[in-house]
Amino acid sequence: MIKIVGYFGDRGACRAYRLLYPFSRIGKHHKDKFQMHLAGYIKDDQVGKYDVAVLQRQYDPEVFHGVQIMKQNGTKLIYEIDDDLFTIPKWNPAHAELSSGRVQRGVKAFLSICDAVFVTTETLANVYRKYCKNVHVLPNSLDFDRFVPKPGVSSKKCILWQGS
């Protein structure tokens with residue numbers, strides 16, 4: 001049994017689409033092969049407990065310390081991101097925080113220690129290959145078991161958009 005933990009970096013939509021839904025789906029259909037767990041923080045009792053850690057959009061130095069210990073104990077590290085954190089336009093409300101030197105150094109530190117990076121597009125793969133050679137494109141997708149409209153719920157047809 002392969003034990004996998006996913007550490008989410010924030011409470012944005014990516015937490016659901018890139019960790020919660022895939023982990024739920026894998027756990028539901030492959031219970032005999034994988035044990036999935038989600039967490040917000042790395043705790044001391046988690047070191048050495050998992051074979052793989054998926055680190056979503058991490059840049060915090062305190063989290064990095066725990067990740068270093070996990071790596072030393074043989075945990076394979078995957079960095080998961082669907083944004084270019086190195087090119088944030090000034091009009092973006094997140095620019096002030098995410099363009100700071102602390103965040104930029106943190107992202108690069110995580111990328112340098114990870115065994116692989118998962119991104120959503122080939123454009124992002126090209127950005128992050130400068131920091132990690134083992135980059136894989138996993139496009140965003142919907143779990144249609146969760147999002148297929150139910151017949152008879154509404155006579156209106158709606159086309160919606162979410163994200164940016």
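Treat the numbers as computed from the prediction; the structure is a model and nothing was measured.

Engineer: How should the packing of aromatic side chains be read in this particular structure?
Structural biologist: Given two aromatic rings, their pairing is described by the distance between the two centres and the angle made by the two planes. Going through the model one piece at a time under the given rule, you end up with 4 aromatic pairs. With 5.2 Å between their ring centres and 80 degrees between their planes, phenylalanine 64 and phenylalanine 110 make a pair best called edge-to-face. Of the two residues, phenylalanine 64 is situated in helix 2 (residues 61-72) and phenylalanine 110 in helix 4 (residues 101-113); the sequence distance between them amounts to 46 residues. For phenylalanine 110, a relative accessible area of 0% translates into the label buried. Feature note: the residues Phe64, Tyr79 and Phe110 constitute an aromatic cluster, connected by ring pairs. Lying across the ring of phenylalanine 86, lysine 108 places its NZ or CZ 5.5 Å from the centre.

Engineer: In this structure, what is going on with the packing of helix 2 against helix 4? I would like to understand it.
Structural biologist: Each pair of packed helices can be summarised by the angle the axes make with each other and by the distance between the axes. The contact between helix 2 and helix 4 brings their axes to 10 Å, and the two run at 10 degrees. The orientation of helix 2 with respect to helix 4, classified from their angle, is roughly parallel. Here Pro61, Val63, Phe64, Val67, Gln68 and Lys71 of helix 2 come into contact with helix 4, specifically with Arg102, Ala109, Phe110 and Ile113.

Engineer: Can you help me understand the pattern of salt bridges in this one?
Structural biologist: Proximity of charged atoms lets side chains of opposite charge pair with each other. Under the definition given, this model contains 3 salt bridges. Notably, a salt bridge pairs aspartate 83 with arginine 57, separated by 2.6 Å at the nearest N-O pair. Taken together, the residues aspartate 83 in the loop between strand 4 (76-80) and helix 3 (95-98) and arginine 57 in the loop between strand 3 (52-56) and helix 2 connect sequence positions 26 residues apart. The exposure class assigned to arginine 57 is buried, which follows from its relative accessible area of 18%. Residue glutamate 122 pairs with arginine 129 through a salt bridge whose shortest N-O separation is 2.9 Å. On the basis of relative accessible area, glutamate 122 is assigned to the partly exposed category, the value being 43%.

Calculation notes
Residues numbered from 1 in each chain as written. Predicted model: local features only at pLDDT ≥ 70, side-chain atom pairs only at ≥ 80, totals over all residues. Heavy atoms only, no water. Phe/Tyr/Trp six-rings, centres within 6.5 Å; stacked < 30°, edge-to-face > 60°. Helix = DSSP H or I, 4+ residues; strand = E, 2+ residues; numbered from the N terminus. Buried < 20%, exposed > 50% of the residue type's maximum accessible area, 1.4 Å probe, protein only. Lys NZ or Arg CZ within 6 Å of the ring centre and 35° of its normal. Axes fitted to C-alpha atoms, helices over the stretch in contact; angles between N-to-C directions. Parallel < 35°, antiparallel > 145°, perpendicular 65-115°, else oblique. Contact = heavy atoms within 4.5 Å. Salt bridge = Lys/Arg side-chain N within 4 Å of Asp/Glu carboxyl O.

Geometric descriptors of this kind do not, in isolation, establish any biological role.
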